[in-house]
Amino acid sequence: MTGLDALPRPVAAVVGAGGVLGAAHVGVGYALEQRGFAPDMIVGTSVGALNGAIAAAHPDEAAPWLDNVWTQLRRRDVYQLGYLSSRASLFTDRGLRRLIAGSGLPSRIEELVVPFTAVAMDLATGAPALLDHGDLPSALLASAAIPGMLPPVERAGRTLVDGGVIAYVPVHAALQAGAASVVVLSTGPESAPLSPDIPRRRASAIAARAGLLLLHHQIQRDLREVSRHIPTVVLPTGIEAWPSPWDFSHSKRLISTAALAAGDFLDNLRIDGPGLYQWVDLTTAPTGPDAGPHGTGGPPASSVQGGGP
């Protein structure tokens, strides 16, 4: 067997953070569904938790369901100023609550068709909070509670915030849940190879670059650690021009571009034991004895990188 069929079970779909960029998850989902992929469990962080929960509730039609959600979303549907705002956050969570309520989800995590875990962060300890049972709406609100932007969630005696702070791509949570392999849906420039560009000497640009580096290194560290134990497939989106964090008008473009890129990748995927399998741009990839092995195929000037770490 090759490709996804060769992944040992149980296999987890790991859905990363990314805010508005989560529309790309939908395109990747189309590519997976068209190739008959059905995960045994789903683990999500932040927007990936919401997307993952909808997929877990509607496994036979997850991509079309999510497509309908994302192509109708506008900024005011998620980020709302209002009288409920407090010193704990800039925006209220009324919009997010309304979005969750209209997503055809059950009230409890255990009632989802596919086993599901939402990842949040305990604001007291900094430890990941793996929410795999109990009230589903509060779990999703907690996982998506961007610190300072959306209010923290009190759940089971803990104060919880966005899981992307501690696990932007929650592969460790999937390994802890017993996954024998993972298929990762991640989004945004944080997940792509870093450009060597030095930002302009402006405070905002320097802060943005530092944040990008922080998340990129967290993602790559977690992927490498987990791939030492199990096959870890990271699906590409093919997106180079990302919209701003507030701009929901690009959802159709993100969905269609990601569907094509992930589909091409999957058609060339070959699994050969534990390792990190991801698209690599050979025009910017490192060279030399420590560059790592390259596997089969891929589009021009690219490769599916795999094999042991």
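Below or above, wherever it landed, is the structure these notes cover.

## Digging into the overall build of the chain
Then, in step 1: Secondary structure summary: the chain contains 9 helices and 10 strands in total.
Then, in step 2: Long-range pairs, those at least 24 residues apart, make up 72% of the contacts in the chain between residues at least 6 apart in sequence.
Then, in step 3: On the chain, roughly 14300 Å² of surface is accessible, and the fraction owed to carbon and sulfur atoms is 55%.

## Digging into the side chain of His216
Then, in step 1: Mapped onto the elements of the fold, His216 is located in helix 8 (residues 203-227).
Then, in step 2: Contact partners of His216, with chain neighbours within four places excluded, come to Glu190, Ala192, Pro193 and Leu194.

## Concerning the packing of aromatic side chains
Then, in step 1: Under the definition given, this model contains 1 aromatic pair.
Then, in step 2: An angle of 25° between the planes, with centres 6.2 Å apart, marks the rings of Trp70 and Phe248 as stacked. Of the two residues, Trp70 sits in helix 3 (residues 62-70) while Phe248 sits in the loop between strand 8 (231-235) and helix 9 (251-267), which places them 178 residues apart along the sequence.

## Quick look at unusual backbone geometry
Then, in step 1: Backbone torsion omega between Arg9 and Pro10 reads 0°, so that peptide bond is classified as cis.
Then, in step 2: Summarising the element assignment, Pro10 is placed in the segment before strand 1 (11-15).
Then, in step 3: For Ser46, which is not glycine, the phi dihedral falls at a positive 60°.
Then, in step 4: You can see Ser46 is positioned in the loop between strand 2 (41-45) and helix 2 (47-57).

## Some thoughts on the packing of helix 1 (residues 23-34) against helix 3
Then, in step 1: Running from amino to carboxyl end, helix 1 crosses helix 3 at an angle of 160°, the nearest separation of the two axes being 9 Å. In terms of their interaxial angle, helix 1 and helix 3 are classed as roughly antiparallel. Helix-helix and strand crossings are classified by hand; for helix 1 and helix 3 the assignment is left-handed. For the pair formed by helix 1 and helix 3, the contact residues are Ala23, Val26, Gly29, Tyr30 and Glu33 on the first element and Ala62, Ala63, Pro64, Leu66, Asp67 and Trp70 on the second.
Then, in step 2: For the contact of helix 1 with helix 3, the per-class residue count stands at 8 nonpolar, 1 polar and 2 charged.

Definitions and limits used
Residues numbered from 1 in each chain as written. Predicted model: local features only at pLDDT ≥ 70, side-chain atom pairs only at ≥ 80, totals over all residues. Heavy atoms only, no water. Helix = DSSP H or I, 4+ residues; strand = E, 2+ residues; numbered from the N terminus. Contact = heavy atoms within 4.5 Å. Areas by Shrake-Rupley, 256 points an atom, 1.4 Å probe, with all protein chains shown as cover. Phe/Tyr/Trp six-rings, centres within 6.5 Å; stacked < 30°, edge-to-face > 60°. Axes fitted to C-alpha atoms, helices over the stretch in contact; angles between N-to-C directions. Parallel < 35°, antiparallel > 145°, perpendicular 65-115°, else oblique. Left-handed = near helix turned anticlockwise from the far one by under 90°. Nonpolar A, V, L, I, M, F, W, Y, C, P; charged D, E, K, R; others polar.

None of this, on its own, says anything about what the molecule does.
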